[in-house]
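# Coordinate analysis (summary)
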Amino acid sequence: MCDITTVLSVDLLAQVLDWLHDSRDLKSCRLVSRAFLQAERMHRRAIRPLRLGPLPVLLRRYVGSLQSLDLSSCPSLDDSALSLSIPCPNNLRSVSLSRATGVTWRGLEVLVSVCPKIEAIDISHCVGFGDREAAAVAKACWLKELRIDKCLNVTDVGLAKVAVGCSRLEKLGIKWCFEISDIGIDLLVKKCLELRELDISYLKVGNESLRSIASLPKLEDLALVGCEYLDDEGLYFLSNGNCSLQSIDVSRCENVTSVGLTTLAEGQQRLRKINAGNCSPVLTSTFVSKLCTLGDTLIILKLDKLQLSASALEIVGKNCRNLFEIGLSKCNGVNDEGISWLVEGCTHLSTIDLTCCLLVTDKSLLSIAACCRGVKCLWLESCVLISEKGLDQIATCCTDLKEIDLTDCNVNDNALKCLSRCSELLVLKIGLCSGVSDIGLSFIGTNCSKLLELDLYRCTAITDDGLAAISNGCKRLKKLNLCYCNQISDTGLSHLQLEELSDLELRGMVRITSSGITAMAVGCRSLTQLDLKRCYSIDDAGMWALAQYTENLRQLTISYCTVTGLGLCHILGSLRCLQDVKMVHLSWVSIEGFELALRASCGKLKKVKLLGKLQDVLSPELLQTLQARGCRIRWVNKPLVFKG
């Protein structure tokens, strides 16, 4: 047999790797031969390490090809670690330091100096990031993309330094930077004429900022979520400006009304996406009628929590025939008649959000099935008037359906039997549906083998047999929610042999013990998130099993479990990737137990949730060390209440 590595060059092998998207497949390729290993080194463009330890080795291995480095998951990242980690020279174009609270202006200066080709930096949610850090970033003169969301110490001075030093900026995110005012925005606009995307959500800026922004000649995407000081006058400036907006988000802007939206639609006739959810509750017919000017371009329209009549939806249906996504979540007045008019005109709809539209019945589903056969995502949470009759038509006509949310819809096994005909289904949410039993899950397990996410929250009729049916048929599951499914026992957990499962929620499952957790851990070794809150019978044996078999675990909730200090210390000390732990009301753990466990994990954890009374008894030196190494501690005061 001919060896493929003797036929294909390393360059061609690297092109083969372009077709592999699963990290485990890439890892397997590296182990085939030296040729594949070399090809993988040439192919690798991005890495996201979970720990700083192996970072120098990884960077030396991929230094020639690496372009994107994401350090947002590395705890204890500070100036020294950042300086030592990045080799020089390198080809890095993008670096993410999101939530790296230990990085200051010194580390950023080193980063910019050793990465002369850097084009994108993400420093969002770094509470210590201020004007001096902004000045360090401003030295990256080739920077095209910058995110400093929720960097609360940045003021107009810091933004001005960025604007002057990074005049090539095309994308900028300054969401939640509350100290930035109209003055900073005005200077930014004058210096950064290449801006295409700008997010100033939740800033305390007024209409003068929009007057300035309107002069940006290349601006296409503008996010103004929650800007409470903006009103219709600001949208008037945008409508008459030089920018050619394609996307605007004014959701949660309380002072924006239909008048401003109408003006915007008249002036910006290239808009492809409008999000006006949670604005002025009444949407006038004037604005809806003006959507006809956007009929050829508008593809996404979100009107969540607005008052909409059937006639308004009729106008949308007639004038916006190219829509492929409509958001009507929590809209008052949306009924079967309106949905019928809408889908009759918008036949290309791919995503339809009808969450909490309480007047919607099976008639709406019949209309969707008849007119929008290409629908892929259908969100119907709390639409309590729908039944298996409407879902049967959806399953029959919309064969390419990939996601459906039926949470709190009171659907039953017959509905799941209908939906099981959707063989392309990837996401199914049926939480709070007490009529769903093992019979319904057996239909899903038999026919929906591509399922990636299943939400069974409080589906109390499900037993071990139903879980077995899902585990046997849906081998590609990545996310599973079984919270408060109290009839499931250790036997059910032993059926979970899902190699790709990464997120598992078992909160409030009072019948499971450490034996079930052990069996589950053996079969689900790819777990990264696990919720065991109020699983009262989980003890140290369960912690030992998790420490042995789930080495990739990053987020763990064990509040109210019967774990002792020994088990807590073992799991926090053993799991190298663990970063987020919630451990409230661990009554069997002593103060010394908490001390030892936290010291064992010091340097790894990024977030910890603890009972408030421990704040006064734990060592101040320990708490200071944790916080200095990038760990954010959340103290809560909750009464010890047992729920069955």
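Residues numbered from 1 in each chain as written. Predicted model: local features only at pLDDT ≥ 70, side-chain atom pairs only at ≥ 80, totals over all residues. Heavy atoms only, no water.

Glancing now at the overall build of the chain. From N to C terminus, the chain includes 27 helices and 24 strands. The C-alpha atoms of the chain give a radius of gyration of 27 Å, which matches the 26 Å a tight globule of 644 residues would have. Projected onto its principal axes, the C-alpha positions of the chain cover 70 × 65 × 65 Å. Counting over 644 residues, the chain shows a buried share of 53%. Considering only contacts within the chain whose residues lie at least 6 apart along the sequence, 74% involve residues at least 24 apart. Element-wise, carbon and sulfur atoms account for 50% of the exposed surface of the chain, whose accessible area totals about 26800 Å². (Helix = DSSP H or I, 4+ residues; strand = E, 2+ residues; numbered from the N terminus. Rg over C-alpha atoms; globule rule 2.2 N^0.38 Å. Buried < 20%, exposed > 50% of the residue type's maximum accessible area, 1.4 Å probe, protein only. Contact = heavy atoms within 4.5 Å. Areas by Shrake-Rupley, 256 points an atom, 1.4 Å probe, with all protein chains shown as cover.)

Checked against the element boundaries, Asp304 lands in the loop between strand 11 (300-302) and helix 15 (310-319). Although Asp304 lies buried, it forms no salt bridge, and the closest oppositely charged side chain, Lys302, sits 6.4 Å away as judged by the N-O distance. At 3.1 Å, the side chain of Asp304 and the backbone nitrogen of Ser329 are in polar contact. Contact partners of Asp304, with chain neighbours within four places excluded, come to Gly277, Asn278, Gly327, Leu328, Ser329 and Cys331. (Lys, Arg positive; Asp, Glu negative; His and termini not counted. Salt bridge = Lys/Arg side-chain N within 4 Å of Asp/Glu carboxyl O. Polar contact = N/O pair within 3.5 Å; in protein donor to acceptor, adjacent residues only side chain to side chain.)

Before going further, it helps to spend a moment on helix 5 (residues 55-62). Within helix 5, burial applies to Leu55, Leu59 and Tyr62. Seen end-on, helix 5 carries its buried residues on one side only, within an arc spanning 80°. (Arc of directions from axis to C-beta.)

What follows covers the nonpolar core. If you look at the biggest cluster of nonpolar residues, it comprises 200 residues, and the most contacted ones within it are Leu238 and Leu328. In terms of residue count, helix 7 (residues 105-114) provides more of this core than any other element does, five residues in total. Of all hydrophobic cores here, the second largest spans six residues; its members include Leu13, Ala35, Phe36 and Ala39. (Core = buried A, V, L, I, M, F, W, Y, C linked by side-chain atoms within 4.5 Å.)

In this section: the UniProt feature "domain: F-box/LRR-repeat protein 15-like leucin rich repeat" (unreviewed entry) in the chain. The positions that UniProt labels "domain: F-box/LRR-repeat protein 15-like leucin rich repeat" (unreviewed entry) are, in the present scheme, residues 66-210 and 331-571. Summarising residues 66-210: 33% helix, 12% strand, and an end-to-end C-alpha distance of 39 Å. (UniProt positions renumbered as here; feature names shortened; annotations may be inferred.)

What follows covers the pairing of strand 24 (residues 632-636). In terms of strand pairing, strand 23 (residues 607-611) meets strand 24 through five bridges, oriented parallel. What sits directly across from Leu610, in strand 24, is Trp635. (Pairing = 2+ DSSP bridges.)

Attention shifts here to the packing of aromatic side chains. Each pair of aromatic rings is reported with the distance of its centres and the angle of its planes. Inspection of the entire model under this criterion finds three aromatic pairs. Just above the ring of Phe178 sits the side chain of Lys204; from NZ or CZ to the centre is 5.7 Å. In this arrangement the basic side chain of Arg458 is found over the ring face of Tyr484, its NZ or CZ atom lying 4.0 Å from the centre. (Phe/Tyr/Trp six-rings, centres within 6.5 Å; stacked < 30°, edge-to-face > 60°. Lys NZ or Arg CZ within 6 Å of the ring centre and 35° of its normal.)

A few words now on helix 25 (residues 565-574). Within helix 25, the full set of buried residues consists of Gly565, Gly567, Leu568, Ile571 and Leu572. Down the axis of helix 25, the buried set is contained in an arc of 165°. They therefore lie on one face. For helix 25, the elements touching its buried residues are helix 24 (540-549), strand 21 (555-557), strand 22 (580-582) and helix 26 (591-600).

The subject of this paragraph is the packing of helix 16 (residues 336-345) against helix 17 (residues 362-371). One way to put it is that helix 16 packs onto helix 17 with a least axis distance of 9 Å and a crossing angle of 5°. When the axis of helix 16 is compared with that of helix 17, the two are roughly parallel. Only Lys363, Ser364, Ser367, Ile368 and Cys371 of helix 17 make contact with helix 16, whose side of the interface consists of Asp336, Ile339, Ser340, Val343 and Glu344. Residues that form the contact of helix 16 with helix 17 fall into these classes: four nonpolar, three polar and three charged. (Axes fitted to C-alpha atoms, helices over the stretch in contact; angles between N-to-C directions. Parallel < 35°, antiparallel > 145°, perpendicular 65-115°, else oblique. Nonpolar A, V, L, I, M, F, W, Y, C, P; charged D, E, K, R; others polar.)

Quick look at a positive patch on the surface now. Among the surface-exposed residues, Arg99, Lys150, Arg632, Arg634 and Lys638 lie close enough to one another that they form a single positively charged patch. Position of Arg632 relative to the elements: it lies in strand 24. (Patch = residues over 30% accessible without salt bridge, like charges linked within 9 Å, V, L, I, M, F, W, Y side chains within 5 Å. Charge placed at Lys NZ, Arg CZ, Asp CG, Glu CD.)

On to the environment of Lys417, then. Relative to the elements of secondary structure, Lys417 occurs in helix 19 (residues 413-419). On the accessibility criterion, Lys417 (47% relative accessible area) is partly exposed. Each C-alpha atom, one on Lys417 and one on Leu391, is 9.7 Å from the other, the two residues being 26 residues apart in sequence.

What follows concerns the pairing of strand 23. Across the five residues of strand 23, four count as buried, placing the element largely inside the fold. Pairing between strand 22 and strand 23: three bridges, direction parallel. Counterpart to Val581 in the pairing with strand 23 is Val608. One crossover worth recording links strand 22 to the parallel strand 23 by way of helix 26, and it is right-handed. (Right-handed = clockwise from strand over helix to strand, strands pointing away.)

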